[in-house]
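Spelled out from the first residue to the last, the chains are:
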Amino acid sequence: MKALLRNYNGEIYVWKEVTYSEEGFAVDGRLIFNTEIVALENDNRNEFITCSVCGKTFRRDSEEW
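Residues numbered from 1 in each chain as written. Predicted model: local features only at pLDDT ≥ 70, side-chain atom pairs only at ≥ 80, totals over all residues. Heavy atoms only, no water.

Our next topic: the sheet that holds strand 6 (residues 37–41). One open sheet accounts for three strands, arranged 2-1-6; its pairing is antiparallel. Of all strands in the sheet, those bounded by a partner on one side alone are strand 2 (11–17) and strand 6. Taken pair by pair, the neighbouring strands of this sheet meet at an average axis angle of 25 degrees, ignoring direction. (Pairing = 2+ DSSP bridges. Helix = DSSP H or I, 4+ residues; strand = E, 2+ residues; numbered from the N terminus. Axes fitted to C-alpha atoms, helices over the stretch in contact; angles between N-to-C directions.)

Structure, rendered in structure tokens:
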């Protein structure tokens, strides 16, 4: 999926290819803050759920959830 980032390596408002895991979003293997993301294109995160109480992200149907 792609994300429009506010600022990445000195570039302002740039589209970058991102991946998502339980740790969060990553660009080129480096985690980025959610606040840096303005928009997502082709969002494929339907396999994850975020707890509304603690904010931790879990895989849907996992034992931890």
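Let us now look at the pattern of salt bridges. In the structure shown here, the tally under the stated rule is one salt bridge. Residues Lys-16 and Glu-11 are paired through a salt bridge, measuring 3.9 Å at the closest nitrogen-oxygen approach. We classify Lys-16 as partly exposed; its relative accessible area is 22%. By relative accessible area, Glu-11 is classed as partly exposed at 37%. (Salt bridge = Lys/Arg side-chain N within 4 Å of Asp/Glu carboxyl O. Buried < 20%, exposed > 50% of the residue type's maximum accessible area, 1.4 Å probe, protein only.)

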